[in-house]
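Working through the structure, step by step
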Amino acid sequence: MITYNHYNSKLNFMQNYKEKYTTTIELAKMLGISRVAAAKKVKKLIEEGTVKASEKGKGYIIETGSLPDEIKNEIRRQQEEAAKKITELGKRAGHDLGFEKELWKAADKLRGSIDASEYKHIVLGLLFLKYVSDSYYQRHWQLEQWTSDPKNNDYFIKDEQDRKIIIDDKDQYKSTGVFYIPKKSRWENLRNHAMHHDIGKYIDEAMEAIENENPKELKGVLPKIYTKTNLDSQILGELVNIFSKIKFDHDIDKEKDILGRVYEYFLGQFASAEGKRGGEFYTPRSIVRLLVEILSPYENARIFDPACGSGGMFVQSSEFLRTRQKDPTKISFFGQESNPTTLRLCKMNLAIRGIIGQMEWGNSYYEDKFPDLRADFLLANPPFNADWEPGRLSDKDPRIKFGTPPGSNANFLWIQHFIHHLAPNGMAGFVMANGALAVSGREGEIRRKIIEEDLIDVIIACPPKLFYNVALPVSLWFASKNKKNGRFRDRTGEVLFIDAREIFEQISRKQVTFTKEHIQKIADTVRAWRGEAGAEEYKDIAGFCKAAEKEEIAKNGYVLTPGRYVGVAEEEDDGIPFKEKMDKLSGELKEYF
């Protein structure tokens, strides 16, 4: 079992290593130069005997302490410039849609050689602290206005001392979903000590005091790593000053949106910086948006994510309702996560968005924390192709109704887990490795039984490189417990296949994304097939979508690969007669012989 102490000892090891050594890539980032230029600079310093480094691949691992003073001073100058830049950015936060991107660039510059997995908790913890403090200040200001206004029949109090009692009453905050923040934890106190050499201690004490004041929601959630971190105290202070600039004069809803945007953007960037490990806590936003758009959650629904990571599925579901003028507070959220540090990120992420839910720590394979939950909607991005231990489950476990998957791959344990937790009219949308679409053997037999039960609704093949630094192609599966529940048209015995492998926008050499237009196109195709009001009439499109009967799927060996059903896209007729094309092609070929 992973414990907080285990995490801390691992973190301390990484901190000590990162403090002593720097890579060429990190040096390039800190100096604001290319990797090639950094490698040349290090090579020259090695030849001059002024730096200790060893060659690794196309770069070097450098002993940080051996770097010449001129380079250390330049790194410091670059970091100070970054801090100034963020200060300026903070003044125009909310007016510039690129604010979070620029904020990240500058904050990342301050990171130096600190590992992204450590810096993530430092930065996101501070963002959380800023949010809860500002929410407290907003409520405090509101109570001051109300209690001193003679026209306010509900709150006006003539006596100033009695008025103060109401303003300082903890229940006045907690009853409106605002965390009560003790004086030592308020952002103003941290800002006053920002340049103190012990700023790390002040932040840790602030985190602990907030947890003690709000144990039900936050006990054991907040990071208390600021005293131990190897990040320079001056950098910590600069981060405090930086986030102090995100302020909107009592417009807490606007600030909540900005802080939420920043938190989510930073989560994504940390996932990218951590590479494959980043996928454990963050699902790219475009995938989450597509899942939610197709499921279309509604008020008073129960939403469950048994592999909830940092809570992106809940955030997007809440946003989906808000943008449709529905009340996002009228959803019940349930989540389970096996990594305790990731669960902390999730709880902070939800708190920043004002989302309340029941989030539990535990391994969904063996410790189902919600055995009796039957959700209206289930959203998930589980770990792919993971090992598990079948012997730890009872043969009578109700989740493995269709069969026990092999210990070498838990994909169909997850799929059965999802189906098991659906309400009689429930729907699930989840990410799955493409191998599950066509695998044979024991897993293929489980898939066959699930198809025979008519539980599969929609399958979408996605392009590779949707995840950070991971080229593994994935598909989106949608399951429905009842295809004739009245919400959509009766789809009994049908499955919609969509091949979206060629629908993407390249955002870097290593990653692609779905744009809003792509998401709309795919979601509208599903809506048309389901016969939703206002949707266009559904038609099969060669190479893109096909509605297949269960009998056709059976003839294809119960394989669910969309390409097998949608076929190849028809080429547009360019109006040139076939004979003319052949004569031209023959003439071109003769020139080569």
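See above for the structure.
We now examine the overall build of the chain. The secondary structure content of the chain amounts to 23 helices and 14 strands. Looking at the chain residue by residue over its 593 residues, the buried ones come to 52%. Put simply, 71% of the contacts in the chain that link residues at least 6 apart link residues at least 24 apart. For the chain, the accessible surface area stands at approximately 28,900 Å², while carbon and sulfur atoms represent 49% of it.

Another aspect to go through is the sheet that holds strand β3 (residues 59-63). Sheet architecture is open: three strands sit in the order β1-β3-β2, paired in antiparallel fashion. The sheet is open, and its two edges are formed by β1 (21-23) and β2 (53-56), each paired on a single side. The sheet shows a mean angle of 25° between the axes of neighbouring strands, taken without regard to direction. Where β1 lies against β3, three bridges are found, and the strand directions are antiparallel. Pairing of T22 across the sheet is with I62, part of β3. Sitting on the sheet, helix α3 (residues 35-48) touches β2 and β3, and the angle it makes with β3 is about 55°.

Let us now look at the sheet that holds strand β5 (residues 332-337). A sheet is described by the order of its strands in space; here nine strands give the open sequence β6-β5-β4-β7-β8-β10-β9-β11-β14, paired in mixed fashion. Each edge of the sheet is formed by a strand with only one pairing partner; in this case those strands are β6 (357-361) and β14 (545-549). On average, adjacent strands in this sheet sit at an angle of 15° to one another, irrespective of strand direction. In this sheet, strand β7 (residues 375-380) lies alongside strand β4 (residues 302-305) in parallel orientation, the contact comprising two bridges. From the neighbouring strand, I303 faces β7, where its bridge partner is F377.

Before going further, it helps to spend a moment on the pattern of salt bridges. Counting across every chain of the model gives 22 salt bridges. Here E293 ties to R324 by a salt bridge, and the two come within 3.2 Å at their closest N and O atoms. Taken as a pair, E293 in helix α14 (residues 285-295) and R324 in the loop between α15 (312-322) and β5 lie far apart in primary sequence, 31 residues in all. Residue classification places R324 among the partly exposed residues on the basis of a relative accessible area of 35%.

Over its 12 residues, helix α19 (residues 441-452) extends 17 Å from the first C-alpha to the last, a length consistent with the 16 Å expected when each residue adds 1.5 Å. Along α19, the residues that are buried comprise E443, G444, I446, R447, I450 and I451. Burial along α19 is one-sided: seen end-on, the buried residues are contained in an arc of 160°. Residues of α19 that are exposed and point more than 90 degrees away from the buried face comprise G441 and R442. On its buried side, α19 packs onto α17 (411-420), α18 (435-438), β9 (456-461), β10 (474-480) and α21 (550-555).

What follows covers the nonpolar core. By size, the foremost hydrophobic cluster in this structure holds 60 residues, and its most contacted members are I203, L239, F243 and F266. For this core, the elements supplying multiple residues, two or more each, are α5 (99-111), α6 (116-147), α9 (187-192), α10 (199-213), α12 (233-244), α13 (252-274) and α16 (340-352). Looking at this core element by element, the count peaks at 13 residues for α6. Not counting chain neighbours up to four residues away, the residues in contact with I203 comprise L126, L129, L190, Y226, L236 and V240. Of all hydrophobic cores here, the second largest spans 50 residues; its members include I294, V458, I498 and A523.

Geometry of a packed helix pair, given as the angle between the helix axes and the separation of the axes. Put simply, α6 and helix α7 (residues 160-167) touch, their axes get as near as 10 Å, and they point 145° apart. Here α6 runs over α7; the crossing is right-handed. Facing H140, L143, E144 and T147 of α6, the residues of α7 in contact are R163, I166 and I167. In the contact of α6 with α7, the residues fall into three nonpolar, two polar and two charged.

Moving on, we get to the packing of aromatic side chains. This model, assessed by the stated rule, comprises 23 aromatic pairs. The side chain of K521 reaches across the aromatic face of F544, ending 4.7 Å from its centre.

Attention shifts here to the environment of I446. Tracing the chain through its elements places I446 in helix α19. Its relative accessible area of 1% is what places I446 among the buried residues. Counting along the chain gives 33 residues from I446 to L413, while the straight-line C-alpha distance between them is 9.7 Å. Not counting the four nearest positions on each side in its chain, I446 is found in contact with F402, G403, T404, P405, F412 and Q416.

Attention now moves to a negative patch on the surface. Together, E47, E48, D69 and E70 make up a region of like negative charge exposed at the surface. Looking at the negative patch, the elements that each hand over two or more residues are α3 and α4 (69-91). Within the element layout of this structure, E48 appears in helix α3.

What follows deals with the side chain of D115. Here D115 is to be found in the loop between α5 and α6. In this structure D115 comes out as buried when scored by relative accessible area, which is 13%. Looking at D115, its side chain comes within polar contact range of the side chain of S117, at 2.3 Å.

What follows concerns the pairing of β10. Burial within β10 is extensive, with seven of its seven residues counted as buried. One ladder, built from seven bridges, connects strand β8 (residues 422-433) with β10; its direction is antiparallel. Its bridge partner lying in β10, F430 is registered against W477. Relative to β10, β9 runs antiparallel, the two being bridged by five bridges. Bridge pairing in β10 links I460 to L476.

A few words now on the side chain of E211. Checked against the element boundaries, E211 lands in helix α10. Judged by its relative accessible area of 3%, E211 is buried. In this structure the side chain of E211 is engaged in a polar contact, spanning 2.9 Å, whose partner is the side chain of K224. E211 has contacts with L218, K219, G220, V221, L222 and K224, leaving out every residue within four places of it along the chain.

So, about the environment of E274. With respect to the helices, strands and loops of the structure, E274 is situated in helix α13. Look at E274 and you get buried, because its relative accessible area is 9%. As for E274 and A116, which are separated by 158 residues in sequence, their C-alpha atoms are 6.4 Å apart. Look past the residues within four positions of E274 in its chain and what remains in contact with it is A116, S117, K120 and F281.

Calculation criteria
Residues numbered from 1 in each chain as written. Predicted model: local features only at pLDDT ≥ 70, side-chain atom pairs only at ≥ 80, totals over all residues. Heavy atoms only, no water. Helix = DSSP H or I, 4+ residues; strand = E, 2+ residues; numbered from the N terminus. Buried < 20%, exposed > 50% of the residue type's maximum accessible area, 1.4 Å probe, protein only. Contact = heavy atoms within 4.5 Å. Areas by Shrake-Rupley, 256 points an atom, 1.4 Å probe, with all protein chains shown as cover. Pairing = 2+ DSSP bridges. Axes fitted to C-alpha atoms, helices over the stretch in contact; angles between N-to-C directions. Salt bridge = Lys/Arg side-chain N within 4 Å of Asp/Glu carboxyl O. Expected span 1.5 Å × (residues − 1). Arc of directions from axis to C-beta. Core = buried A, V, L, I, M, F, W, Y, C linked by side-chain atoms within 4.5 Å. Left-handed = near helix turned anticlockwise from the far one by under 90°. Nonpolar A, V, L, I, M, F, W, Y, C, P; charged D, E, K, R; others polar. Phe/Tyr/Trp six-rings, centres within 6.5 Å; stacked < 30°, edge-to-face > 60°. Lys NZ or Arg CZ within 6 Å of the ring centre and 35° of its normal. Patch = residues over 30% accessible without salt bridge, like charges linked within 9 Å, V, L, I, M, F, W, Y side chains within 5 Å. Lys, Arg positive; Asp, Glu negative; His and termini not counted. Charge placed at Lys NZ, Arg CZ, Asp CG, Glu CD. Polar contact = N/O pair within 3.5 Å; in protein donor to acceptor, adjacent residues only side chain to side chain.

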